[in-house]
Amino acid sequence: MGRSAAPAVYPAGSRPVAIATGDVDDDGLLDLVVANNGTTGTWSVLRGQGAGGLADGTFGAPATYPAASKASAVVVRDFNEDGMLDVAVASNGGSLVHV
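To keep things clear, this report deals only with the structure shown in the data block. No experiment lies behind these values; they were computed from the predicted model shown.

About the cut-offs
- Residues numbered from 1 in each chain as written.
- Predicted model: local features only at pLDDT ≥ 70, side-chain atom pairs only at ≥ 80, totals over all residues.
- Heavy atoms only, no water.
- Helix = DSSP H or I, 4+ residues; strand = E, 2+ residues; numbered from the N terminus.
- Buried < 20%, exposed > 50% of the residue type's maximum accessible area, 1.4 Å probe, protein only.
- Contact = heavy atoms within 4.5 Å.
- Areas by Shrake-Rupley, 256 points an atom, 1.4 Å probe, with all protein chains shown as cover.
- Lys, Arg positive; Asp, Glu negative; His and termini not counted.
- Charge placed at Lys NZ, Arg CZ, Asp CG, Glu CD.

### Remarks on the overall build of the protein
Here comes step 1: Broken down by element type, the protein carries zero helices and nine strands.
Here comes step 2: Going residue by residue from the N terminus, the α and β elements of the protein occur as β-β-β-β-β-β-β-β-β.
Here comes step 3: Each principal axis of the C-alpha atoms in the protein carries an extent, and together these give about 45 × 35 × 25 Å.
Here comes step 4: Within the span of the protein, comprising 99 residues, buried residues form 33% of the whole.
Here comes step 5: Sequence separation of at least 24 residues holds for 34% of the intrachain contacts in the protein that already meet a minimum separation of 6.
Here comes step 6: Summed over all atoms, the accessible surface of the protein reaches about 6100 Å², with 56% contributed by carbon and sulfur.
Here comes step 7: Taken together, the 5 basic and 10 acidic charged side chains of the protein have centroids lying 17 Å from each other.

Laid out in structure tokens, this is it:
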């Protein structure tokens, strides 16, 4: 059996419920994108840390953006095929999808 390290804990937003990964800032490092299900819906990006495109396994403080209330799902993908990742956040409080 292998050993595992203690888990790292990061703040995200009010009631995080969904997470996706992708290099949303195009720096060569994997980032975390979180849908926050609080009454004032938000989504957060925790940017991967490291240097020269080499991740060190940690993430920075969250940058938080507004969404409709009760954000419930998040997807990271290049929806408009421009070569850059996009973020879509679904909300079950406002029946909306933010892209």
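There is more to say, and it comes next.
### Here we look at the environment of Gly-50
Here comes step 1: For Gly-50, the location among the structural elements is in strand β4 (residues 48-51).
Here comes step 2: Spatially, the C-alpha atom of Gly-50 lies 9.7 Å from that of Asp-27, the residues being 23 residues apart in sequence.
Here comes step 3: With sequence-adjacent residues up to four places away left out, Gly-50 is seen in contact with Leu-29, Ala-55 and Asp-56.

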